[in-house]
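Observations on chain architecture
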Amino acid sequence: MKKYFMIVVCIVLAAVMVSAFVSCEKEVVPRDVELVLINPNTGEPLEDGDTVIVPDERTVIDARALDKETGKVLTSEDLKFETIGRSLTVSLHPILDGKLGATMTNYLWPTREEVNKIMSSYGSDEYEMTLWFDCRPDHAGEGFVRYYKSEITYIRFHLIVSDEKEKV
């Protein structure tokens, strides 16, 4: 009788332990993100110190958030609680007398006229693009899970007007 009682107790104890382990939610560890600015002329990632020729008017700035571990470009589906468009912010600043000038982007590359104006006024063709990623919604509730870490990247480059484009 004691033997059967001990077997029943062990089975019940094992069932309780299994259900406790199964019901525990796995904690999500936010993944690292890499932010990349794409050169509008080459389609390649832009690096500090690169030179960019002003693209055609109304060219959208192509910035991407990548899962650092896999290299996959993140989409709104990966974020679950927010869209990629609301999570990735870009701002472009001319470098004037060694300091950041006023923000001059609305997610479009500046026009040749804008770049020429800065060059003639300040003699500068250097710019800094700030890329900021944060997938936390403005009103995150209790159910929010951060799948990706926040990240900020600064890229300094030269933005010039091509002589060939001006002749056209």
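Presented here is a report on the structure given in the accompanying data block. If you're wondering where the values come from, they're calculated on a predicted model, not measured in any experiment. (Residues numbered from 1 in each chain as written. Predicted model: local features only at pLDDT ≥ 70, side-chain atom pairs only at ≥ 80, totals over all residues. Heavy atoms only, no water.)

1. Remarks on the overall build of the protein chain
- Counting its secondary structure elements, the protein chain contains five helices and seven strands.
- When the helices and strands of the protein chain are listed from N to C terminus, the series reads α-β-β-β-α-α-β-β-α-β-β-α.
- Out of the 168 residues belonging to the protein chain, those deemed buried represent 33%.
- Within the protein chain, contacts between residues at least 6 apart in sequence are counted, and of these 71% link residues at least 24 apart.
- When the accessible area of the protein chain is evaluated, it comes to approximately 11,300 Å², of which 55% is carbon and sulfur surface. (Helix = DSSP H or I, 4+ residues; strand = E, 2+ residues; numbered from the N terminus. Buried < 20%, exposed > 50% of the residue type's maximum accessible area, 1.4 Å probe, protein only. Contact = heavy atoms within 4.5 Å. Areas by Shrake-Rupley, 256 points an atom, 1.4 Å probe, with all protein chains shown as cover.)

2. Side note on the packing of aromatic side chains
- Evaluation of the coordinates by the stated rule reveals two aromatic pairs.
- Between Phe81 and Phe144, the ring centres sit 5.3 Å apart and the planes meet at 65 degrees, which makes this aromatic pair edge-to-face. Highlighted residues: Phe81 in the loop between helix 2 (76-79) and helix 3 (84-87) and Phe144 in the loop between strand 6 (126-133) and strand 7 (151-160), separated in sequence by 63 residues.
- The side chain of Lys80 reaches across the aromatic face of Tyr147, ending 5.6 Å from its centre. (Phe/Tyr/Trp six-rings, centres within 6.5 Å; stacked < 30°, edge-to-face > 60°. Lys NZ or Arg CZ within 6 Å of the ring centre and 35° of its normal.)

3. Topic: the pattern of salt bridges
- The tally for this structure, following the rule as stated, stands at nine salt bridges.
- Note that Lys72 is salt-bridged to Asp78, the shortest N-O span being 2.7 Å.
- Look at Lys72 and you get partly exposed, because its relative accessible area is 40%.
- Note that Asp134 and Arg146 form a salt bridge whose closest N and O atoms lie 2.9 Å from each other. (Salt bridge = Lys/Arg side-chain N within 4 Å of Asp/Glu carboxyl O.)

4. Observations regarding the side chain of Thr111
- Position of Thr111 relative to the elements: it lies in the loop between strand 5 (99-100) and helix 4 (112-122).
- Overall, Thr111 belongs to the buried group, its relative accessible area being 15%.
- Contacts of Thr111, omitting those with residues within four sequence positions, involve Val54 and Glu57.

5. Focus: the nonpolar core
- Within the largest apolar cluster, 29 residues are counted, with the highest numbers of intra-cluster contacts made by Leu37, Met129, Phe133 and Phe157.
- Of all the secondary-structure elements, those providing two or more residues to this core are strand 1 (33-37), strand 3 (63-67), strand 4 (88-96), helix 4, strand 6 and strand 7.
- In this structure Met129 touches Leu37, Ile61, Val90, Ser91, Leu92, Trp109, Thr153, Tyr154, Ile155 and Phe157, once residues within four positions along its chain are discounted. (Core = buried A, V, L, I, M, F, W, Y, C linked by side-chain atoms within 4.5 Å.)

6. Some remarks on the environment of Val54
- For Val54, the position within the fold is in the loop between strand 2 (51-53) and strand 3.
- For the pair formed by Val54 and Val115, sequence separation is 61 residues and the distance between their alpha carbons is 8.0 Å.

7. Here's the deal with the sheet that holds strand 4
- What the five strands build is an open sheet, ordered 2-7-6-4-5; its pairing is mixed. Looking at which strands have only one partner, the edges of the open sheet turn out to be strand 2 and strand 5.
- Two strands pair when backbone bridges link them, and strand 2 and strand 7 are joined in this way by three bridges, in the parallel orientation. By the bridge assignment, Thr51 is partnered in strand 7 with His158. (Pairing = 2+ DSSP bridges.)

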